[in-house]
Amino acid sequence: MSYLDELNPVQRAAVTTTEGPVLVIAGPGSGKTRVLTYRIAHLLESGVAPWEILTLTFTNKSAREMKDRIEKVVGPRAQQVWAGTFHSIFARILRTEASKIGYPSSFSIYDTDDTTSVLRAIIKEMNLDPNAYNASAIRSRISLCKSNLISPKAYRENTEMMTQDRAARRPYVVDIYEKYVARCQRSGAMDFDDLLFQLYRLFRDNPDKVLEKYQKKFRYIHVDEFQDTNFLQYAILRRLVKYEGSPENVFVVGDDAQSIYAFRGATIDNILDFEKDYPNLKTFKLEQNYRSTHHIVSAANEVISFNRRQLNKTIWTDKEDRHKIKLIKCVTDDEEGRRVADLILEQKHRYHLPNSEIAILYRTNSQSRKFEEHLRRLNLPYRVFGGMSFYQRKEVKDFVAYLRLAVNPSDEEALRRAINFPARGISDATVDKLSALADASNSTMWEAMLDPRLDVTDRAKKSMATFRNMVQDWQKRAATESAYRLAADILKKSGLLDLLKGDTSPEGIGRLENVNAVLDAISEFTDSAAAPAGPETVTATDNSLAAYLQTITLLTDADEKNDSNDHITLMSVHSAKGLEFKSIFVTGLEENLFPSYMALEEPNGLDEERRLFYVAITRAKEFLTLSFAQNRYRFGQIRVSEPSRFLDEIGGQHYELLGGIGSARSTGTMQREAPARASVSGNFTNPRQRALQKSAAPVAIPADFKASPLEDIVPGARVLHLKFGEGKILSVEGPKDNKVATIQFKNDDMPERRIVLKFAKLQVL
DNA sequence: TGACTGTGGGTTTTT
DNA sequence: CCCACAGTCA
């Protein structure tokens with residue numbers, strides 16, 4: 001079989017070990033995807049049916065790419081393999097089994113916005129202070145609970161969490177959580193975490209032996225990016241694989257060094273537990289990097305060696321070097337944008353790089369703007385990923401809300417959105433009453449509209465009756481009529497179409513186009529959705545309107561098609577995981593930005609940031625450029641930053657400091673020299689030592705250091721700063737919650753520093 | 001009911 | 001700086 005010849009010995013061994021549990025530790029660029037796809041092809045070639053193979057990925061895009069690559073080896077049956085994200089595959093299973101856990105199979109999926117909005121409503125109804133109870137903060141706390149299998153009941157019994165909440169002065173989080181769960185249930189809705197959580201419940205409670213059905217069905221299970229799975233995902237996987245007499249054909253691929261989703265509950269423990277849980281485990285390490293040149297691989301190895309806790313492996317390459325890593329030092333973020341854009345232009349000409357081989361990466365999405373400006377200036381085509389996905393746009397969500405309602409009238413978020421947009425005489429007050437009544441009688445807002453106890457004007461009642469009739473009509477037709485025709489009619493009858501047509505501004509025309517694009521997408525989906533075949537019933541309704549609505553919620557903007565245009569890619573480092581480009585720009589390499597100041601406060605946060613940096617630089621095949629700015633607009637004002645410590649962790653021999661106005665004009669006030677020069681001048685023999693020195697406090701801090709309240713920070717005061725030591729306040733300005741002090745520090749080569757008091761810890765002496 | 005204004009608050013990463 | 005929301009006015 002020829003495809004096996006395209007593999008190196010370790011890769012081949014992994015591919016052909018088809019029986020029993022297998023762990024593949026795969027360094028960046030080591031052919032991980034190739035191994036995964038060829039293994040599946042290999043299984044298919046040896047007679048395994050495509051629907052017996054399950055492959056779980058983290059993005060739709062990588063699932064799709066994988067299927068396409070398998071297809072190249074074995075032909076169209078590859079498309080029948082069960083390959084998709086955890087969320088989409090689980091949604092599909094839940095669709096089939098929903099009735100067993102008290103959900104309609106046309107359940108709605110709440111995206112992050114829907115969830116936040118439900119929480120906001122609950123907080124309001126409970127009369128809690130919306131500042132203390134920040135809806136999106138609570139959303140992430142609930143999300144983390146679900147990922148760790150903590151139900152509201154378990155939450156209440158968990159003294160640690162309850163104590164935390166009391167300390168944070170929001171003791172009612174657990175009540176919000178409880179209400180939220182109840183509300184989702186009665187709305188027939190699942191949030192992202194529910195897609196995992198409810199599937200876990202289904203398998204745990206195992207009604208009608210449903211678990212056995214899937215254990216038998218999925219004879220070969222694969223997990224990509226295993227390092228990014230969370231506790232809940234691991235628990236589900238375990239239930240599918242571990243049972244009496246199981247062949248335990250589970251094949252997981254991951255790299256602990258690329259674990260970047262700990263904030264979302266991912267844990268490297270899963271890799272360690274995996275070895276314990278599966279004693280027959282065979283482990284393979286893919287250590288040869290086929291992607292990047294030697295400078296890049298060495299730099300990556302050096303960086304990652306600063307992390308303590310990691311699996312032992314050595315990534316190497318035999319690619320020869322042509323270019324050193326370039327470092328761009330800028331005075332401002334604007335200069336960074338300009339010089340990156342200029343360098344891209346130069347690289348394109350000199351090396352004939354197509355735009356599609358170039359990517360600018362950054363830590364936070366908000367950094368994209370400066371690059372956009374300067375790319376536009378040079379007429380370079382680009383595309384920004386990570387923004388709002390098509391399906392999150394207002395006009396699309398409005399339309400989709402109506403569709404959701406037609407399929408699942410219990411969906412309260414959809415109801416709230418649709419009921420009075422376009423306006424039809426049902427006021428906010430009425431909606432509040434509906435919600436309260438639904439809550440009190442444990443029914444839904446949809447049913448509450450008919451409740452005789454509802455105390456609203458006759459006019460409002462009439463409007464609601466009309467609305468209900470309209471939706472009911474759609475509901476009936478949803479069972480029989482084609483989804484496209486129904487949707488087109490909904491667009492008209494809802495009044496949305498007229499509203500959009502009335503707006504002839506360019507944006508308005510765009511909105512109309514977007515809504516029409518939804519219609520096209522529906523017809524494409526329902527006509528052609530190639531349901532994975534199989535002798536079972538699991539996929540029967542897969543091209544329904546409900547399935548479409550569930551699918552789109554799980555799409556990100558990276559999944560959207562029209563990728564044919566040749567453009568430069570702008571994205572966060574997180575979204576770049578799994579991708580590769582000839583030329584990579586990693587930007588904003590400054591302390592408190594990359595690594596992020598948020599991460600620096602978390603235990604192990606720095607390690608995760610470092611893995612993120614590792615992921616960033618290993619995306620590059622040939623050209624790697626790093627940049628930082630000494631001054632950057634953040635929080636509405638210019639802030640001074642120092643270069644990222646990560647720059648110090650790469651040996652000077654791999655670097656080249658790029659000249660430019662910025663460095664020539666350099667104020668010379670940087671605390672540290674640029675790494676290239678530092679290493680060359682031999683100031684620091686060993687970057688590791690240097691980093692360790694740096695992480696230690698540079699000034700003696702008394703053990704009883706205690707941050708003083710903001711009111712005490714006034715001009716003239718002498719203060720102690722954790723990092724810069726003793727100093728004098730020259731002035732304080734800015735709004736009360738975002739005060740900035742200008743401080744002159746004693747032992748500092750900067751004449752003065754602007755310190756954002758919100759972040760700094762200062763003690764008045 | 002909708003459009004406008006001011007204010008206040010938040011900005012890590014995503015399925 | 002930018003966004004979302006609340007409150008105000010027509």
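The rules behind these values
Note on numbering: residues in each chain are counted from 1, in written sequence order. Here the convention is simple: chains get letters from A, ligands get numbers from 1, in the order in which they are written. Owing to the predicted nature of the model, reporting of local features is limited to residues with pLDDT of at least 70; listing and counting of side-chain atom pairs is limited to 80 or more, with chain, interface and lining totals taken over all residues. Only hydrogens and water are removed before side-chain values are computed, so all heavy atoms of the structure are retained for them. We define the nonpolar core as a collection of buried residues of types Ala, Val, Leu, Ile, Met, Phe, Trp, Tyr and Cys that are connected through side-chain atoms lying within 4.5 Å of one another. Burial classes: relative accessible area under 20% of the type maximum marks a residue as buried, over 50% as exposed, and values in between as partly exposed (1.4 Å probe, protein chains only). The way it works is that DSSP assigns letters per residue, a run of H or I at least four long becomes a helix, a run of E at least two long becomes a strand, and they are numbered from the N terminus. The contact criterion used throughout is that any non-hydrogen atoms of two residues lie within 4.5 Å. If even one non-hydrogen atom of a residue comes within 4 Å of a molecule or strand, that residue is called near it. Pairs of N or O atoms are called polar contacts if they sit within 3.5 Å, as long as, within protein, a hydrogen donor faces a hydrogen acceptor (for residues adjacent in sequence, only side-chain-to-side-chain pairs). Pairing between strands is defined by DSSP: at least two bridges between them are needed. To obtain each axis, a line is fitted to C-alpha atoms, and for helices this fit is confined to the stretch in contact; angles are then taken between N-to-C directions over 0 to 180 degrees. Here is the rule for angles: anything less than 35 degrees is roughly parallel, anything more than 145 is roughly antiparallel, 65 through 115 is roughly perpendicular, and the remaining ranges are oblique. For this scheme, ten residues count as nonpolar: Ala, Val, Leu, Ile, Met, Phe, Trp, Tyr, Cys and Pro. Four count as charged, namely Asp, Glu, Lys and Arg, and the remainder, Gly too, count as polar.

Undergrad: Which parts of the structure should I look at to understand the nonpolar core?
TA: If you look at the biggest cluster of nonpolar residues, it comprises 52 residues, and the most contacted ones within it are Phe 399, Phe 467 and Tyr 548. Counting residues per element, this core draws most heavily on helix α17 (residues 394–407), at 9 residues. With residues up to four places along the chain from it excluded, the contact list for Phe 467 reads Tyr 402, Leu 405, Leu 415, Ala 418, Ile 419, Arg 424, Ile 426 and Met 449. Counting 46 residues, the second-largest nonpolar core is a separate cluster that includes Ile 25, Ala 98, Tyr 234 and Tyr 278.

Undergrad: What exactly am I supposed to notice about the protein's contact with DNA strand B here?
TA: What surrounds DNA strand B is a group of 24 residues, the closest being Arg 264, Arg 363, Thr 556, Ser 572 and Phe 635. Near the protein, within 4 Å, the atoms of DNA strand B are sugar or phosphate in 53% of cases. Taking Arg 264, its side chain carries an N or O atom lying 3.2 Å from a base oxygen of DNA strand B. A distance of 3.2 Å separates a phosphate oxygen of DNA strand B from a polar side-chain atom of Tyr 597. Mapped onto the surface near DNA strand B, the elements with two or more residues apiece are α26 (573–576) and α27 (597–601).

Undergrad: I'm lost on the pairing of strand β10 (residues 358–362) in this one. Help?
TA: Side-chain positions along a regular strand alternate between the two faces of the sheet. Burial within β10 is extensive, with 5 of its 5 residues counted as buried. Pairing analysis gives 4 bridges linking β10 to strand β13 (residues 581–586), with the strands arranged parallel. Within the sheet, the bridge partner assigned to Ile 358 lies in β13 and is Ser 583. The pairing of β10 with strand β12 (residues 568–572) spans 4 bridges and is classified as parallel.

Undergrad: Where do I start with the packing of helix α6 (residues 135–147) against helix α9 (residues 173–186) in this structure?
TA: Packed helices, taken two at a time, are described by the angle between their axes plus the distance between the axes. Packing of α6 against α9 leaves a shortest axis separation of 11 Å and a crossing angle of 70°. Classified by the angle between their axes, α6 and α9 sit roughly perpendicular to one another. Side by side, α6 and α9 meet where Ile 138, Arg 141, Ile 142, Cys 145 and Lys 146 of the first sit next to Val 173, Ile 176, Tyr 177 and Tyr 180 of the second. When its residues are assigned to classes, the contact of α6 with α9 shows 7 nonpolar, no polar and 2 charged.

Undergrad: What is the right way to look at the environment of Tyr 38 in this model?
TA: Tracing the backbone shows Tyr 38 in helix α2 (residues 32–45). For the pair Tyr 38 and Tyr 3, spaced 35 residues apart in sequence, the C-alpha separation works out to 7.4 Å. Aside from chain neighbours lying at most four places away, what touches Tyr 38 is Tyr 3, Glu 6, Leu 7, Val 15 and Val 73. Among the polar contacts listed, one links the side chain of Tyr 38 to the side chain of Glu 6, at a separation of 2.7 Å.

Undergrad: How do you make sense of the protein's contact with DNA strand C when you look at a structure like this?
TA: Neighbouring residues of DNA strand C: Arg 120, Arg 369 and Gly 636. Protein-proximal atoms of DNA strand C, defined as those within 4 Å of the protein, fall in sugar or phosphate at a share of 67%. A distance of 2.7 Å separates a phosphate oxygen of DNA strand C from a polar atom in the side chain of Arg 120. At 2.9 Å, a side-chain N or O of Arg 369 approaches a phosphate oxygen of DNA strand C.

Undergrad: How should I be thinking about the environment of Ile 729 in this particular structure?
TA: One can find Ile 729 in strand β18 (residues 725–733). For Ile 729 and Val 719, which are 10 residues apart along the polypeptide, the C-alpha to C-alpha distance reads 7.3 Å.

Undergrad: How should I be thinking about unusual backbone geometry in this particular structure?
TA: Glycine aside, negative phi is the norm for most residues, and most peptide bonds take the trans geometry. The linkage connecting Phe 594 with the following residue, Pro 595, adopts the cis geometry, with an omega of 10°. In this model, Leu 149 sits at a positive phi of 60°, which is unusual for a non-glycine residue. Tracing the sequence through the fold places Leu 149 in the loop between α6 and α7 (152–157). One non-glycine residue, Glu 225, adopts positive backbone phi at about 50°.

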